[in-house]
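Remarks on the overall topology
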Amino acid sequence: MTDAFEHRSVMEPDYPYCGPAPDPQDWIMAWNFDPVLLGCLGVLALGGGVALRSRSGARQRAFACALTAAALAFVSPLCAMTVALFSARTLHHLVVILILAPALALAFPLRRAPGAVAFLGLSAAIWIWHLPVAYSAAWDSAAVYWALQMALILPGWVFWSAVLGQGRGTGQGRDTVSGVVWLVSLVGQMGILGALLTFAPRAFYLEHLAHAPRFGLDALQDQQLAGLVMWVPGMVPVAALAALMIWQALWRGARA
C-alpha cells in the first residue's frame with residue numbers, strides 16, 4: 001500500500017503534521033489516526049457531553065456539529081489533502097472558522113465576549129497563516145502548526161459568541177448593528193485575501209510545488225483556486241448571515 005495508508009504521527013520529522021501528501025488515487029483513505037489527537041477529541045467529547053447533559057437539545061446538537069467539524073478538519077482525508085494542495089488548506093481553514101468555531105459558540109456561548117478583541121485576534125491569525133514564512137514554520141513544526149490552529153479556534157469561538165449572542169440584551173438594535181459590522185469586516189478581509197491569492201503573479205507557498213501537479217494543477221493554479229474558495233464558500237455564507245441579521249432586526253422593528 002502507499003504512504004497514504006500509513007500511520008501519521010505528530011512526531012514524524014519528515015512530514016508536516018498531517019503526514020505525507022496522498023496519491024490522487026488513494027486520498028480518500030488518507031485518514032489521520034494520531035493517538036494524541038484522537039485522545040484529545042475523546043476527552044473533549046466526554047467532557048462536553050457531561051457539561052451539556054442537562055442543557056437544551058440545540059446546544060447538544062451544536063456540540064455534535066463542532067466535534068464533527070473537528071474530525072473533518074483534523075482526522076478525515078482533508079487533513080492529508082492540505083499537504084498536497086493549498087486550496088485544500090484554505091477549505092480546511094473555512095471549516096475551522098465557519099463551522100467549528102460558531103458551533104462551539106452555540107454549544108458553549110461565552111457571555112460578555114469582547115467582539116473587538118476577538119475580531120482583531122481572529123484577523124491576525126488569518127493573515128499570519130497566509131504569511132509564507134509562518135506557513136513554512138507550521139509545515140516544519142507540529143508545535144507551530146497547533147499553535148496557529150488554536151490561534152484560529154479560540155478567537156473564533158469568542159468572535160462567534162459575540163456575533164451570535166447579539167440581540168439578547170436590551171439594546172437589540174445596537175447589538176445587531178455591532179454583529180453585522182464584525183461580519184462585514186470579516187467578509188471584507190476574506191475578499192482582500194482571496195484577491196491576493198487569485199491575482200498574484202507567482203505562487204507564494206513553495207511547499208506545494210511538488211505536490212499540486214499530481215492533482216492536475218501547478219502551484220499557481222492551486223493558489224488561484226484557493227482564492228476562489230475563499231471568495232465563494234468563505235464569503236457567501238458570512239454575507240448571507242449578515243443579511244439575515246439585518247432582515248431580522250428590521251422585522252423586529254416593524255413589529256414593535
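Below is a short write-up of the structure. Computed from a predicted model, the values in this text were never measured in an experiment.

1. Focus on the nonpolar core
Soluble globular proteins tend to pack their nonpolar side chains together in the buried interior. Ranked by internal contacts, the top residues of the largest apolar core, which has 65 residues, are Leu100, Tyr145, Leu152, Phe159, Trp160 and Leu183. Aside from chain neighbours lying at most four places away, what touches Leu183 is Phe159, Trp160, Val163, Val238, Leu241, Ala242 and Met245.

2. Points about the layout of surface pockets
Each pocket or cavity is described by its volume, and for the largest pocket that value is around 480 Å³. Every residue lining the largest pocket is counted, 22 residues in all, and those nearest its centre are Leu41, Leu44, Ala70, Met150 and Ile153. Elements with a contribution of two residues or more to the lining of the largest pocket: helix H1 (35-51), helix H2 (57-74), helix H4 (86-107) and helix H7 (142-164). It is H1 that contributes the most residues to the lining of the largest pocket, 7 residues altogether. Considered class by class, the residues forming the lining of the largest pocket number 19 nonpolar, 2 polar and 1 charged.

3. Considering the pattern of salt bridges
For the structure shown, the criterion picks out 1 salt bridge. As a salt-bridge pair, Asp23 and Arg214 come within 2.6 Å of each other at their nearest N and O atoms. With Asp23 in the segment before H1 and Arg214 in the loop between helix H8 (172-199) and helix H9 (219-255), the pair connects residues that are 191 residues apart, well separated along the chain.

Rules behind the numbers
- Residues numbered from 1 in each chain as written.
- Predicted model: local features only at pLDDT ≥ 70, side-chain atom pairs only at ≥ 80, totals over all residues.
- Heavy atoms only, no water.
- Core = buried A, V, L, I, M, F, W, Y, C linked by side-chain atoms within 4.5 Å.
- Buried < 20%, exposed > 50% of the residue type's maximum accessible area, 1.4 Å probe, protein only.
- Contact = heavy atoms within 4.5 Å.
- 1 Å grid on protein atoms, 1.4 Å probe; cavity = no way out; pocket = protein on both sides within 12 Å on 5 of 7 lines; lining within 4 Å.
- Points joined across faces, edges and corners; volume = space filled by probe spheres on them.
- Helix = DSSP H or I, 4+ residues; strand = E, 2+ residues; numbered from the N terminus.
- Nonpolar A, V, L, I, M, F, W, Y, C, P; charged D, E, K, R; others polar.
- Salt bridge = Lys/Arg side-chain N within 4 Å of Asp/Glu carboxyl O.

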